[in-house]
Amino acid sequence: MTAYWAALASAILTSVVGQTLLKAGAGAAGFVAQVLDPRTILGFVLYGGAALLYIVALRRIPLSVAMPFTAVSYVAATLIGHYGFHEPLSLPHLAALALICTGVLVLAFT
């Protein structure tokens, strides 16, 4: 069972890295340039890899448990957006992140 949890954690991490690369590629001059940007291409590849890892995790982890755990990526994406891309991080953002974390912890210990 541990391998399936490792696959889920890897899927989440790979997805976050892919999202970050997609955002980094979004700075290109136009849409075609953005799609052809190496960061965007690698982001797509990582997103696909994350999906494959998620499929592996779902073989033994119930969807009702696995899906909420992916919410951890929202927390990571918000922090990467703020510190890496200078996006705003307001009190409502922080409150929402606290709610997400609370929900994931409740599921983890249920």
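Per chain, the residues get numbers from 1 upward, laid out in the order the sequence is written. Side-chain atom pairs in this predicted model are given and counted only at pLDDT of 80 or more, local residue features only at pLDDT of at least 70, and totals for whole chains, interfaces and linings cover all residues. To get the side-chain values, take all heavy atoms of the structure and skip hydrogens and water.

Visitor: What is the right way to read the pattern of salt bridges from this model?
Guide: As a working rule, side chains carrying opposite charge can pair if their charged atoms are close by. Salt bridge, as used here, is a side-chain nitrogen of Lys or Arg placed within 4 Å of a carboxyl oxygen of Asp or Glu. In total, this model carries two salt bridges according to the counting rule given. Notably, a salt bridge pairs lysine 23 with glutamate 87, separated by 3.5 Å at the nearest N-O pair. With lysine 23 in helix α1 (residues 2-25) and glutamate 87 in the loop between α5 (72-85) and α6 (91-108), this residue pair connects regions lying 64 residues apart in the sequence. Given the relative accessible area of 40%, lysine 23 is considered partly exposed. Note on glutamate 87: relative accessible area 31%, which makes it partly exposed. The salt bridge involving aspartate 37 is made with arginine 39; its shortest N-O contact spans 2.9 Å. Note on aspartate 37: relative accessible area 12%, which makes it buried. A run of H or I in DSSP counts as a helix once it spans at least four residues, and a run of E counts as a strand once it spans at least two, with each numbered from the N terminus. We call a residue buried when its accessible area falls under 20% of the maximum for its residue type, exposed when it is over 50%, and partly exposed in between, using a 1.4 Å probe and counting protein chains only.

Visitor: Whenever I open this one, the packing of aromatic side chains confuses me. Can you help?
Guide: For any two aromatic rings, the description comes down to two numbers: the centre-to-centre distance and the angle of the planes. Between the rings of Phe, Tyr and Trp (Trp by its six-membered ring), a pair exists once the centres lie within 6.5 Å; its type follows the angle of the planes, with under 30 degrees stacked, over 60 edge-to-face, and the other angles tilted. Considering all chains together, one arrives at one aromatic pair under this definition. Summarising the aromatic geometry, the rings of tryptophan 5 and phenylalanine 69 are spaced 5.4 Å apart at their centres and angled 75 degrees between planes, so their arrangement reads as edge-to-face. Taken together, the residues tryptophan 5 in helix α1 and phenylalanine 69 in helix α4 (residues 63-69) connect sequence positions 64 residues apart. Of the residues examined, tryptophan 5 reaches a relative accessible area of 34% and is grouped as partly exposed. For phenylalanine 69, a relative accessible area of 16% gives the class buried.

Visitor: Honestly, the confidence of the model for the protein chain in this entry has me stumped. Any pointers?
Guide: The predicted coordinates ought not to be read in detail in places where the model reports low pLDDT. Per-chain confidence: the protein chain averages 92 in pLDDT, with 99% of residues scoring 70 or above. The predictor attaches a confidence to each residue, and that confidence, scored 0 to 100, is pLDDT. Summarising per-element confidence for the protein chain, the mean pLDDT is lowest in α4 (86) and highest in helix α3 (residues 38-58) (96).

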